[in-house]
Amino acid sequence: MQEIFLPNGMEAIQASYTEYPLDEFNQNPFIQALPPLADKSTIIKKLAMNPSFDEQERQMESVYRLQMISRLYQFFQPLPIHLEIWDMINNLLIQGYLARNPFDPAYKRYLHETGKQIINRIFDINSRQNFRTTAGCGTLIGLSGMGKTTSVGRVLSNIPQVVIHNEYRGQHFNQIQLVWIKLDAPSTSSLKALCLQFFMRVDELLGTNNYKKYVSRNASVDMMLPLIGQLAQNIGLGLLIIDETQNIKGRGADQIMNFFVNLINSGVNLAIIGTPGAYGLFGDELRIARRLTGNSEIIFNNMDYDNEFKFLLESIWRYQWIKKPAKLTEEFSKVIYDETQGISDLIVKIFVYSQQKAISTGKEELTVELMRNVANEKFKLMREMLNAIRSGNPYKIAKYEDIRRIESATIQSANEHPRKPLKAKNNEKSQNNDTKVVPTMPEVKKAKRNTEYAEGDLRLLLKNGVKQGKTPYEVLLEHSSIDDMVQWNVGVCISQVKIEPFIN
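None of the values given here were measured: they were computed from a predicted structure. (Residues numbered from 1 in each chain as written. Predicted model: local features only at pLDDT ≥ 70, side-chain atom pairs only at ≥ 80, totals over all residues. Heavy atoms only, no water.)

Trainee: Tell me about the packing of helix α8 (residues 191–206) against helix α10 (residues 221–234), and please be specific about residues and values.
Mentor: For the pair α8 and α10, the least separation of the axes is 10 Å and the interaxial angle reads 35°. Between α8 and α10 the crossing geometry is left-handed. Where α8 approaches α10, its residues Leu191, Lys192, Cys195, Leu196, Phe198, Phe199 and Val202 are matched on the opposing element by Val221, Met224, Leu225, Leu227, Ile228 and Leu231. Among the residues making up the contact of α8 with α10, the classes are represented as 12 nonpolar, no polar and one charged. (Axes fitted to C-alpha atoms, helices over the stretch in contact; angles between N-to-C directions. Helix = DSSP H or I, 4+ residues; strand = E, 2+ residues; numbered from the N terminus. Left-handed = near helix turned anticlockwise from the far one by under 90°. Contact = heavy atoms within 4.5 Å. Nonpolar A, V, L, I, M, F, W, Y, C, P; charged D, E, K, R; others polar.)

Trainee: Give a description of the nonpolar core that names residues and reports values.
Mentor: Membership of the largest hydrophobic core comes to 81 residues, with the highest contact counts inside it found for Leu72, Ile89 and Leu366. Among residues more than four places away in sequence, those in contact with leucine 72 are Pro51, Ile316, Tyr319, Trp321, Val348, Phe351, Val352 and Gln355. In this structure, Ile141, Ala185, Val215 and Ile228 belong to the second largest nonpolar core, which totals 47 residues. (Core = buried A, V, L, I, M, F, W, Y, C linked by side-chain atoms within 4.5 Å. Buried < 20%, exposed > 50% of the residue type's maximum accessible area, 1.4 Å probe, protein only.)

Trainee: Residues and numbers for the sheet that holds strand β8 (residues 269–274), please.
Mentor: The strand order across the open sheet built from five strands is β6-β7-β8-β3-β9, with neighbouring strands paired in parallel fashion. Edge strands, defined here as strands with exactly one partner in the open sheet, are β6 (180–184) and β9 (296–300). Taken pair by pair, the neighbouring strands of this sheet meet at an average axis angle of 15°, ignoring direction. Those strands touched by helix α5 (residues 80–98) are β3 (137–142), β7 (239–243), β8 and β9, and its axis lies near 155° from that of β9. Against the sheet, helix α11 (residues 252–265) makes contact with β3, β7 and β8, and its axis sits at roughly 150° relative to β8, the strand it touches most. (Pairing = 2+ DSSP bridges.)

Trainee: Any chance you could break down helix α19 (residues 458–467) for me, citing the residues and the numbers?
Mentor: Because an α-helix packs 3.6 residues into every turn, residues spaced three or four apart end up facing the same way. If you check which residues of α19 are buried, you get Leu461, Leu462 and Gly465. Looking straight down α19, one finds that the buried residues subtend no more than 95° of arc, so they occupy a single side. Those residues of α19 that are buried lie in contact with α20 (472–478). Residue glycine 469 follows α19 closely and has a positive phi angle near 80°. (Arc of directions from axis to C-beta.)

Trainee: Run through helix α17 (residues 383–391), naming residues and quoting values.
Mentor: Along α17, the positions that sit buried rather than exposed are Arg383, Leu386, Ala388 and Ile389. Two residues or fewer past α17, glycine 392 is found with a positive phi of approximately 70°.

Trainee: Would you mind going over the pattern of salt bridges in detail, with residue names and values included?
Mentor: Taken as a whole and assessed by the stated rule, the structure comprises 13 salt bridges. Where aspartate 338 meets arginine 372, a salt bridge forms, and the shortest distance between an N and an O atom there is 2.7 Å. One end of the pair, aspartate 338, is in helix α14 (residues 330–340); the other, arginine 372, is in helix α16 (residues 368–378), with 34 residues separating them in the sequence. Taking relative accessible area as the criterion, arginine 372 reaches 29% and is therefore assigned partly exposed. Residue aspartate 345 is joined to lysine 349 by a salt bridge in which the shortest nitrogen-to-oxygen separation is 3.1 Å. Highlighted residues: aspartate 345 and lysine 349, both in helix α15 (residues 344–361), separated by four residues, approximately one helical turn. With relative accessibility at 32%, the residue aspartate 345 sits in the partly exposed group. A single salt-bridge network, built from bridges that share partners, covers Asp338, Glu339, Arg372, Arg383 and Arg390. (Salt bridge = Lys/Arg side-chain N within 4 Å of Asp/Glu carboxyl O.)

Trainee: Lay out the packing of aromatic side chains with the relevant residues and their values.
Mentor: This structure, assessed with the given rule, holds 17 aromatic pairs. Each ring, one from phenylalanine 30 and one from tyrosine 97, has its centre 5.2 Å from the other, and the planes form 45°; the classification is tilted. With phenylalanine 30 in helix α2 (residues 29–32) and tyrosine 97 in helix α5, this residue pair connects regions lying 67 residues apart in the sequence. As far as the burial class goes, phenylalanine 30 and tyrosine 97 line up, both buried. With 6.0 Å between their ring centres and 75° between their planes, phenylalanine 198 and phenylalanine 199 make a pair best called edge-to-face. Assessed through its relative accessible area of 3%, phenylalanine 198 is described here as buried. On the basis of relative accessible area, phenylalanine 199 is assigned to the buried category, the value being 0%. Within the aromatic cluster, the residues linked to one another by ring pairs are Tyr17, Phe30, Tyr97, Phe103, Tyr168 and Phe173. The positively charged end of lysine 378 is found above the aromatic ring belonging to tyrosine 353, 5.3 Å away from the centroid. (Phe/Tyr/Trp six-rings, centres within 6.5 Å; stacked < 30°, edge-to-face > 60°. Lys NZ or Arg CZ within 6 Å of the ring centre and 35° of its normal.)

Trainee: An account of a nonpolar patch on the surface is requested, with residue identities and associated values reported.
Mentor: On the surface, Met60, Val63 and Tyr64 cluster together into a nonpolar patch covering about 280 Å² of accessible area. Within the secondary structure, tyrosine 64 sits in helix α4 (residues 62–68). (Patch = residues over 30% accessible without salt bridge, like charges linked within 9 Å, V, L, I, M, F, W, Y side chains within 5 Å. Areas by Shrake-Rupley, 256 points an atom, 1.4 Å probe, with all protein chains shown as cover.)

Trainee: Tell me what's going on with the sheet that holds strand β1 (residues 3–5), and back it up with residues and numbers.
Mentor: The strand order across the open sheet formed by four strands is β1-β2-β4-β5, and the pairing between neighbours is mixed. The open sheet has two edge strands, β1 and β5 (171–178), and neither has a second partner. The average angle at which neighbouring strand axes cross in this sheet is 30°, direction not considered. Pairing of strand β2 (residues 11–14) with strand β4 (residues 162–168) involves two bridges; the strand directions are parallel. Each residue of the ladder has a partner; that of glutamine 14, found in β4, is isoleucine 164.

Trainee: Can you break down the packing of helix α13 (residues 307–317) against α15 residue by residue, with the values?
Mentor: The interhelical angle for the contact between α13 and α15, taken along N-to-C directions, is 35°, at an axis separation of 11 Å. As α13 runs across α15, the sense of the crossing is right-handed. Between α13 and α15, the contacting residues are Phe309, Leu312, Leu313, Ile316 and Trp317 on the first element and Ser344, Ile347, Val348 and Phe351 on the second. Looking at the contact of α13 with α15 residue by residue, the class counts come to eight nonpolar, one polar and no charged.

Trainee: Can you lay out unusual backbone geometry for me, pointing to particular residues and giving the numbers?
Mentor: In this model, arginine 169 sits at a positive phi of 50°, which is unusual for a non-glycine residue. Among the secondary structure elements, arginine 169 is positioned in the loop between β4 and β5. Assessed through its relative accessible area of 47%, arginine 169 is described here as partly exposed.

Trainee: Would you mind going over the side chain of asparagine 301 in detail, with residue names and values included?
Mentor: Examined against the element boundaries, asparagine 301 turns out to sit in the loop between β9 and α13. Using a relative accessible area of 15% as the deciding quantity, one classes asparagine 301 as buried. Sequence-distant contacts of asparagine 301, that is, excluding residues within four places in its chain, are made with Leu143, Met146, Arg405 and Ile406.

Keep in mind that these numbers describe shape and distance, not what the molecule does.
Written as structure tokens, this is what we have:
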């Protein structure tokens, strides 16, 4: 790809067009200017980031090795979920551009009519009579520290952001294509702040003056929304990425979510990134949930103690700048998982901090005890959250919305026994000798109540507690499922109120 620089100093590339075996791709310069589709092995090579490392560096002075260890913060090992993120972003780009072919007469007519309506201030953002969009939305929701933003950034680093078109198939085609743009959801849940951020970011990348041209102190959101849609079409915007969507709360949430839906309807693809705190935004209305989870929904939970976790640990373990490198054992693996709970950011940090501690103390060796001590020293602020994840107690986890694990729904058959076919009784006839068919319902046996509970089930704990003469409150308090109300000291001391057992 030929690199060029815009007048504002930003880097862009000269468009080069890839020929695909699909005709619908080969008629669209926006799609053909994108990087060629890649297979799995190529994607892994493009995503991987291995820091510089040489075993001879272990013999250097400690002051330099302490700096070398920081290279691990650049380490990135592709995992299966990263391939899903790659596919999501690339599919969104391609599918969104299908209906936005700049050489399609119907699409050019739509842009012309929309522009006239905006100028005449008669534009209806919900009207899409002459344009059927192929745009969609992808969502990436996961625990804080799992590398959502970093993963998306690695994928985007392999996709040019600004492409310059001059000629396409012998035709003059002077066009700037802004392939993707990334914004952060405003902490104030202000739609106007998000709109202003959009104009400023476009101007920063392309050297334009849209902010001064369209935005003023008195500009309302209703005025800016159609301008954003039209500007996105004019610059060939392929994907708008909104990060930190857990910040969208309160009264402004509905307005921003409606804006997302309208943006998709105008033909612009959307990718939403956030912690589990953002997951509730999609459930209020079906049209929002359908649009915003229509193309791909990726849940990025913390890793289990499985082969994927061990593979990540093996990939990073060779980067040891201590003089006595340790071998990765099952004991090391279990300790690191216990102290990090499979959160990738903490896995890297405990490995970095432990090496720094080993070099600073002169021991030059990793041990299980050293890693435990490092975790106790460095993860103090996260101790309560890690304990909550470690306990698996929903009550404790619910206190921290960005560590809530989202489980995939499983669909089970509600009726394992199909109904018997309806039959007529032969001995029942009407006076006119016509056979009267009387349907009979199948016998429904009452399912036996399942009294076998899994270990840790509150019902089992309460049942056993009653047998021991404990109240439900005492049982729940003993297993940390509720707070000790004595500490509240407000009004009547609830812990001293006698609660009668309610389990038969």
